[in-house]
Amino acid sequence: MKRIEAVNDFVVKFANVNGSGSASANELFAKSFLRMGIPVSPRNIFPSNIQGLPTWYEVRVTESGYLGRRGGCDLMVAMNPQTWAQDVKEIDPGGYLFYDNTKPLPQSKFRDDIHVIGMPLTEIANANYADARERQLFKNIIYVGALAGMMGIEPEVIAELVGEQYKGKEKLLKPNLNAFHMGLNWAKEHLKDALGLKVRRADSVGDKIFIEGNAAAALGCVYGGATVCAWYPITPSSSLAEAFQRYCSKLRVDPVTGKNKFAIVQAEDELASIGIVTGAGWNGARAFTATSGPGISLMTEFIGLAYFAEIPVTLIDVQRGGPSTGMPTRTQQSDILACAYASHGDTKHVLLFPEDPHECFEFAATCLDLADRLQTPVFLMTDLDIGMNQRLCSPLVWDDERRYDRGKVMSAEMLEEGKEFGRYLDVDGDGIPYRTYPGTHPTKGAYFTRGTSKNPYAIYSEAGADYVYNMQRLLEKHETAKTLVPKPQLIPAKQPARFGAIFYGSTSPAMHEALDALAWQGIFVNALRVRAFPFQDEINDFVHSHTKVFVIEQNRDAQLKTLLVNEAGINPASLISILHYDGTPITARFITKEIAEIVSALNIRPIKRDKAA
């Protein structure tokens, strides 16, 4: 029978039960590869419901540095009888099934094309621990020890990680190390050469860091000058506001007085939270809220107010599966249209699409600048896959010489000099008027902020000409935004390509791997990563220079494609959607298969691959 043999290049998937304490053990396993210099990309797939439901933890190990989901798995650690059939089905032919064989299973439960590795985990745990909870918790550490023994993970690495995890909790340190060595020694004695997946120390991680997107975005808000956060708890964004609070407690406390230089409010609901942020933005503070799709739905009235009254607001949307409650703990790119046009009437908002935690940090700070510069709501469109999973990424870097872009703010001195102030007056053709902070001057620069129509001087008006003036000026501001948002990134193919591909956000890691896989098949594709809306001319030029362009996204209704057609004037016939929306992160295999099948259906022969390519 075929047997998968691989060194530093495989996928391990753990099938566990929610609440069993497996998460920390599985994370320990994943981090051990980093300590041995091997890139790793873990993903936690967990239920939104109560304890006892299935949960999975997938670990992608690859020295080549691919960080997206590959698809399939080489080793399934099957610890949940409820999902047994599904888990066994997912193993690639020639792969491995590791399970607790304390109670033997009939042959019908297995597959003929995989290798089965049994270990009496329950029996070992029961023999060594009397307490039921300890038996469950330490069983997880025992299987980590067994995997380390079979794969060749250095025991010292695990010991170091355990020491860090239980620092200050010495009573837990020794029992966990004992459980680890219990599994390690048992595997060395009974499972020698049972597993063809091996680990070899490498030097492929470099200076990359391991961080969740939510934590990185929170830190970006701190460095970007945010002093106010108002939020209402919602998966998968809650940890972002919590991280902001932790960072502010360290970085935004006056060293002399000990007073906090920030305000964080857990509001009674999403409507209240966006109201607080809108008020703070009007008052001159840099403010943001963190939420997800259902929260955006509830916030739309205030978003419309901020758009029409022209108040700086930053919204971080950590997207999840919809509609309605949908799949709260699954990932999707489901809110693109909802955010682009949030609120009633004619509205268009600025969206930024980060690909990883590094860009979550960078773009969070950029959003705060853009909101001030454009005097408008700006959305950071991340998602659960980026937000709640730890990713390898470039170090977070901040230029201490950087100054915040506060945009057009009229000072008391300018008013004293006699400079004309019209709150909604376009003075230089970019659509952006001057604003004043409350209390700027005792007699000048005041205005009435309203959500109703007004003339350029903020005086209530229902005159058609005044309304059209402001609406056209807002469109001009949207055009100005094109020059300020991050530009798309081109990834050219190694040989001339008639096909293009547009992608964005969390599809990026899988897309990069798929492009390489397609090139090996002789299918060369130029790719463009869209990083913001409104769209720049480069996107239109890219589409027009290819016969067909694939648009890869994680939603059912091709929301980015719709936006490209509506806002960039692109002929829909030139775009082909590649859609993935089952709630799990898109895989390189899925993208490769979909594009290859479409190319074949179009009767276009693959290019003979250059050996040097």
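Residues numbered from 1 in each chain as written. Predicted model: local features only at pLDDT ≥ 70, side-chain atom pairs only at ≥ 80, totals over all residues. Heavy atoms only, no water.

**Student:** So what exactly am I meant to see when it comes to the overall build of the protein here?
**Tutor:** When helices and strands are counted, the protein shows 19 helices and 22 strands. Compactness check: the protein gives a C-alpha radius of gyration of 27 Å against a globular reference of 25 Å for 613 residues, within 12% of the reference. Along the first, second and third principal axes, the C-alpha atoms of the protein reach 85 × 70 × 40 Å. By the burial criterion, 57% of the 613 residues in the protein qualify as buried. Considering only intrachain contacts with a sequence separation of at least 6, the fraction spanning at least 24 residues in the protein is 75%. When the accessible surface of the protein is totalled, it reaches about 25,700 Å², and 52% of it is carbon and sulfur. (Helix = DSSP H or I, 4+ residues; strand = E, 2+ residues; numbered from the N terminus. Rg over C-alpha atoms; globule rule 2.2 N^0.38 Å. Buried < 20%, exposed > 50% of the residue type's maximum accessible area, 1.4 Å probe, protein only. Contact = heavy atoms within 4.5 Å. Areas by Shrake-Rupley, 256 points an atom, 1.4 Å probe, with all protein chains shown as cover.)

**Student:** Any chance you could explain helix 1 (residues 22-35) here in plain terms?
**Tutor:** Turn by turn, an α-helix covers 3.6 residues, leaving residues three or four places apart pointing in a common direction. With 14 residues, helix 1 should cover 20 Å at 1.5 Å per step; its first-to-last C-alpha distance of 20 Å lies within 8% of that length. Ser22, Ala25, Asn26, Leu28, Phe29, Ala30, Ser32, Phe33 and Leu34 are the residues of helix 1 that are buried. Looking one or two places after helix 1, you find Gly37, whose phi comes out positive at around 80°. (Expected span 1.5 Å × (residues − 1).)

**Student:** Whenever I open this one, the packing of aromatic side chains confuses me. Can you help?
**Tutor:** Each pair of aromatic rings is reported with the distance of its centres and the angle of its planes. A complete count under the given rule lists 17 aromatic pairs for this structure. Note on Phe10 and Phe33: the rings are 6.1 Å apart at their centroids and 70° apart in plane angle, and the pair reads as edge-to-face. Residue Phe10 is located in strand 2 (residues 9-17), and its partner Phe33 is located in helix 1; the two are separated by 23 residues in the primary sequence. Assessed through its relative accessible area of 0%, Phe10 is described here as buried. (Phe/Tyr/Trp six-rings, centres within 6.5 Å; stacked < 30°, edge-to-face > 60°.)

**Student:** Help me out: how do you make sense of the nonpolar core in this one?
**Tutor:** Nonpolar side chains in soluble globular proteins generally cluster together in the buried interior. If you look at the biggest cluster of nonpolar residues, it comprises 57 residues, and the most contacted ones within it are Phe29, Phe33, Leu75, Phe98 and Met151. Looking at which element gives the most residues to this core, the answer is helix 4 (residues 132-151), with 10 residues. Those residues in contact with Phe29 that lie beyond four places of it in its chain are Val12, Phe14, Val59, Val144, Leu147, Met151 and Ile153. (Core = buried A, V, L, I, M, F, W, Y, C linked by side-chain atoms within 4.5 Å.)

**Student:** Help me understand the side chain of Asp100, please; the structure alone is not making it clear to me.
**Tutor:** Mapped onto the secondary structure, Asp100 falls in strand 6 (residues 91-100). Classification of Asp100 as buried rests on a relative accessible area of 17%. Side-chain polar atoms of Asp100 contact the side chain of Thr102, separated by 2.6 Å. Within the structure, the side chain of Asp100 is placed 2.4 Å from the side chain of Thr122, a separation counted as a polar contact. (Polar contact = N/O pair within 3.5 Å; in protein donor to acceptor, adjacent residues only side chain to side chain.)

**Student:** Would you mind going over the sheet that holds strand 3 (residues 40-45) with me for this structure?
**Tutor:** Strands pair in a sheet through their backbones, by hydrogen bonds, and they do so in one of two ways: parallel or antiparallel. Read from one edge to the other, the open sheet built from 6 strands follows the order 3-4-2-5-6-7, with strand pairing classed as mixed. Two strands close off the open sheet at either side, each with one partner strand: strand 3 and strand 7 (115-119). The sheet shows a mean angle of 15° between the axes of neighbouring strands, direction not considered. By the bridge criterion, 9 bridges tie strand 2 to strand 4 (residues 54-62) in an arrangement that is antiparallel. Bridge pairing in strand 4 links Phe14 to Tyr57. (Pairing = 2+ DSSP bridges. Axes fitted to C-alpha atoms, helices over the stretch in contact; angles between N-to-C directions.)

**Student:** Is there a simple way to think about the domain arrangement of the protein in this case?
**Tutor:** Structurally, the protein comprises domain 1 (6-198), domain 2 (211-393), domain 3 (412-484) and domain 4 (489-601). Between the C-alpha centres of domain 2 and domain 3 there is a distance of 25 Å. Across the contact, 21 residues belong to domain 2 and 24 residues belong to domain 3. Summing both sides of the interface, domain 2 and domain 3 together bury roughly 2,000 Å²; the carbon and sulfur share of this comes to 59%. Between the two partners, domain 2 and domain 3, sit 3 salt bridges. For Arg473, the salt bridge is made with Glu310, and the minimal N-O distance between the two is 2.5 Å. On inspection of domain 2 and its partner domain 3, the count reaches 11 residue pairs in polar contact (both at pLDDT 80 or more). Of all the secondary-structure elements, those providing two or more residues to the side of domain 2 that touches domain 3 are helix 9 (270-282), helix 10 (293-309) and helix 12 (357-374). Taken together, the residues of the side of domain 2 that touches domain 3 break down into 10 nonpolar, 6 polar and 5 charged. (Domains from an automatic or database assignment. Buried area = accessible area lost by both parts, 1.4 Å probe. Salt bridge = Lys/Arg side-chain N within 4 Å of Asp/Glu carboxyl O. Nonpolar A, V, L, I, M, F, W, Y, C, P; charged D, E, K, R; others polar.)

**Student:** What is the right way to look at the pairing of strand 13 (residues 313-319) in this model?
**Tutor:** The side chains of a regular strand alternate between the sheet's two faces. Along strand 13, 7 of the 7 residues are buried, which leaves the element largely enclosed by surrounding structure. Burial along strand 13 is two-sided: Val313, Leu315, Asp317 and Gln319 facing one way and Thr314, Ile316 and Val318 facing the other are all buried. This β-α-β element, strand 12 (residues 287-291) to helix 10 to strand 13, shows right-handed connectivity. Two strands pair when backbone bridges link them, and strand 13 and strand 15 (residues 377-383) are joined in this way by 7 bridges, in the parallel orientation. Of the residues in strand 15, the one forming a bridge with Thr314 is Val378. (Right-handed = clockwise from strand over helix to strand, strands pointing away.)

**Student:** Sorry, what's going on with the pattern of salt bridges here?
**Tutor:** Should their charged atoms come close, side chains of opposite charge can pair. Taken as a whole and assessed by the stated rule, the structure comprises 34 salt bridges. Lys477 is the salt-bridge partner of Glu310, the closest N and O atoms lying 2.7 Å from each other. With a gap of 167 residues between them, Glu310 in the loop between helix 10 and strand 13 and Lys477 in helix 15 (residues 464-482) connect regions that are remote in the sequence. The salt bridge partner of Arg373 is Asp405, with a shortest N-O separation of 3.1 Å. Of this pair, Arg373 sits in helix 12 while Asp405 is found in the loop between strand 16 (390-393) and helix 14 (412-416), placing the two residues 32 residues apart along the sequence. Here the salt bridges do not stand alone but share partners, grouping Arg286, Asp369, Asp372, Arg402, Arg406 and Arg435 into one network.

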